[in-house]
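Now for the letters of each chain:
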Amino acid sequence: MIRRPPRSTPLYSSAASDVYKRQVELPGIGFCPEFSTGSVGDNIDLSVSVLDVTGVAGVHAQVNYDPQMVKILNVETGDFFLRSQKPIFVYEDDGQGKLDIYVFFMSIEKTNDGTGQIADLTIKLINPGNSEISITTESEFLDPKDTQITIKGFGVGVINAD
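Given the structure is predicted, the values throughout are model-derived calculations rather than measurements.

1. As for the sheet that holds strand E8 (residues 112–125)
Inference 1: Pairing is mixed in the open sheet, where five strands are placed in the order E5-E8-E3-E1-E12. Each having just a single partner strand, strand E5 (70–77) and strand E12 (153–154) make up the two edges of the open sheet.
Inference 2: Where strand E1 (residues 28–32) meets E12, two bridges bridge the pair, whose relative direction is parallel. Bridging across to E12, isoleucine 29 finds its partner in phenylalanine 154.

In structure tokens:
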């Protein structure tokens, strides 16, 4: 479970990786962890998370990644919208570096507030080196009337393959 971070606090922090510290303005959308490492051929887990949101009924998260460095193997719904009924959850990976994730409430609870995971990704490391994964400004938060809620912060992560 992700704990609600203080405003403008990085999701990932380590003295060894200060170069990778990122600030996500709130409300925002980002990755947890922000820095991942493994060996070529490994699978790593990464979550896409909403941060400090209010009144959200749905999310479209667009993720850019380097298809020469990583491959998206699996995308599953996170726990942020799990309530009395499962949310509608759809994703599309073009295999060329763009992953679109759509998740919406379909229960008597119409909105959610706070911080939590909307999607859990399994990613295969296919080549050595660092690659960036980012949330694009095409992403959106929606209220129950399909009106956009302002996103102030768009997360960036780094994936390192040895």
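Here the narrative resumes, following the displayed structure.
2. Details of the packing of aromatic side chains
Inference 1: The tally for this structure, following the rule as stated, stands at three aromatic pairs.
Inference 2: Between phenylalanine 80 and phenylalanine 81 the ring centres are 5.0 Å apart and the planes differ by 80°, which places this aromatic pair in the edge-to-face class. Of the two residues, phenylalanine 80 and phenylalanine 81, neither departs from the other in class, the shared state being buried.
Inference 3: Relative to tyrosine 91, the ring of phenylalanine 89 has its centre 6.3 Å away and its plane inclined at 50°; by these criteria the two rings are tilted.
Inference 4: Taking the relative accessible area as the measure of exposure, tyrosine 91 reaches 37% and is therefore partly exposed.

3. Quick word on the pairing of strand E13 (residues 156–161)
Inference 1: Burial analysis of E13 places five of its six residues in the buried class, which makes it a mostly covered element.
Inference 2: By the bridge criterion, six bridges tie strand E9 (residues 129–135) to E13 in an arrangement that is antiparallel. Bridge assignment links serine 131 to a residue of E13, and that residue is isoleucine 159.

4. Focus: the pairing of strand E4 (residues 58–64)
Inference 1: Most of E4 sits out of view: six of its seven residues are buried.
Inference 2: Note that E4 and strand E7 (residues 98–104) share seven bridges and pair antiparallel. Across the sheet, the residue bridging to glycine 58 is phenylalanine 104, located in E7.
Inference 3: The sheet contact formed by E4 and strand E10 (residues 140–142) spans three bridges and is antiparallel. Within E10, the position partnered with glycine 58 by the bridge is leucine 142.
Inference 4: For E4 and E9, the ladder comprises two bridges, and the chain directions are antiparallel. By the bridge assignment, asparagine 64 is partnered in E9 with serine 134.

5. Some points on the side chain of serine 47
Inference 1: Mapped onto the elements of the fold, serine 47 is located in strand E3 (residues 43–56).
Inference 2: A relative accessible area of 8% places serine 47 in the buried class.
Inference 3: Polar side-chain contacts of serine 47 include one of 3.1 Å to the side chain of glutamine 117.
Inference 4: The residues touching serine 47, leaving out its near neighbours within four places in the chain, are Gly30, Phe31, Cys32, Gln117, Ala119 and Asp120.

Cut-offs and rules
Residues numbered from 1 in each chain as written. Predicted model: local features only at pLDDT ≥ 70, side-chain atom pairs only at ≥ 80, totals over all residues. Heavy atoms only, no water. Pairing = 2+ DSSP bridges. Helix = DSSP H or I, 4+ residues; strand = E, 2+ residues; numbered from the N terminus. Phe/Tyr/Trp six-rings, centres within 6.5 Å; stacked < 30°, edge-to-face > 60°. Buried < 20%, exposed > 50% of the residue type's maximum accessible area, 1.4 Å probe, protein only. Polar contact = N/O pair within 3.5 Å; in protein donor to acceptor, adjacent residues only side chain to side chain. Contact = heavy atoms within 4.5 Å.

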